[in-house]
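# Report on the structure
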Amino acid sequence: MKLLRAFLVALAALAALTSAAAARVDIRFVQPERFVDEDFRNSYTRERLVAEFGRFLKTEGARHVRAGQTLRIEVLDIDLAGRNQPFASRLGDVRVMREMSPPSVRLRYVLEERGRVVARGEETLLDWNYLSNVRARNSSEWLPYEKAMLRDWFRRRFGEARPSARG
């Protein structure tokens, strides 16, 4: 019994150390109802988009940020690829992709390590060549052009994803 108790205490201590050393990624959307893209003006689509971008940014951030670091991202604006064309179909609005309607994301970020700011900035990501991205075009995931652009940003800003975090 004492051996089991000692094992459980050691396991709990290890879990506490692991979680304390793990990378942390915090995402905040600043007034998403005012984002440029019209899909953010509808509460139903806004909630779905914020949830999807939030999940994606947290996951992708965790892949690039090292243990012991904290990455805080404030999403200031999003303009999705393409434009809604009302009544283009009997099924409702259709988002039409054109060269003149690239995806863009404006964000602010702070990367900290042990309470010290390592990097910070505010950037507007814009991909004029999004239609040439074959991988995104052939992707079955939701918001492929925006996610491809954000993956490239993480790679450029924070380096390649950690091998143990690749999924």
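Residues numbered from 1 in each chain as written. Predicted model: local features only at pLDDT ≥ 70, side-chain atom pairs only at ≥ 80, totals over all residues. Heavy atoms only, no water.

## Some thoughts on the overall build of the protein
Looking only at helices and strands, one finds four helices and six strands in the protein. If you list the helices and strands of the protein from N to C, you get α-β-α-β-β-β-β-β-α-α. The long-range fraction of contacts in the protein, counting pairs at least 24 apart against all pairs at least 6 apart in sequence, stands at 67%. Looking at the protein as shown, the accessible area adds up to about 10700 Å², and 53% of this sits on carbon and sulfur atoms. (Helix = DSSP H or I, 4+ residues; strand = E, 2+ residues; numbered from the N terminus. Contact = heavy atoms within 4.5 Å. Areas by Shrake-Rupley, 256 points an atom, 1.4 Å probe, with all protein chains shown as cover.)

## A word on the pattern of salt bridges
What the rule picks out here adds up to 18 salt bridges. The shortest N-O distance in the salt bridge between R72 and D26 comes to 3.9 Å. In this pair, R72 sits in strand β2 (residues 69-79) while D26 sits in strand β1 (residues 24-29), placing the two residues 46 residues apart along the sequence. When salt bridges with common partners are traced through the structure, they connect R28, E74, R106, R108 and E122 into a single cluster. (Salt bridge = Lys/Arg side-chain N within 4 Å of Asp/Glu carboxyl O.)

## Looking at helix α2 (residues 43-64)
Over its 22 residues, α2 extends 31 Å from the first C-alpha to the last, a length consistent with the 32 Å expected when each residue adds 1.5 Å. Residues R46, L49, E52, F53, G54, F56, L57, E60, G61, R63 and H64 constitute the buried set of α2. Contacts from the buried residues of α2 go to β1, β2 and α4 (144-158). Structurally, the start of α2 carries an N-cap: the backbone nitrogen of Y44 is 2.8 Å from a side-chain oxygen of N42. (Expected span 1.5 Å × (residues − 1). Buried < 20%, exposed > 50% of the residue type's maximum accessible area, 1.4 Å probe, protein only. Polar contact = N/O pair within 3.5 Å; in protein donor to acceptor, adjacent residues only side chain to side chain.)

## Points about the pairing of strand β5 (residues 104-113)
A large share of β5 lies buried, amounting to seven of its 10 residues. Hairpin connection from β5 to strand β6 (residues 116-126): two residues lie between these consecutive antiparallel strands, with R114 at a positive phi of about 55 degrees. (Pairing = 2+ DSSP bridges.)

## Here we look at the confidence of the model for the protein
Looking at the protein, pLDDT values average 86 and 81% of them are 70 or higher. When the criterion is pLDDT under 50, residues 15-20 qualifies, and its contacts beyond four places in sequence or with other chains add up to zero contacts. (pLDDT = per-residue confidence, 0-100.)

## Examining the nonpolar core
Counting 24 residues, the largest nonpolar core has F53 and I78 as its most contacted members. Put simply, the parts of the chain that give this core at least two residues each are α2, β2, β5 and α4. Apart from the residues lying within four places of it in its own chain, the contact partners of I78 are F29, F35, V36, D37, F40, F53, S104 and V105. The next biggest cluster of nonpolar side chains, apart from the first, holds five residues, and it includes A81, Y130, Y145 and A148. (Core = buried A, V, L, I, M, F, W, Y, C linked by side-chain atoms within 4.5 Å.)

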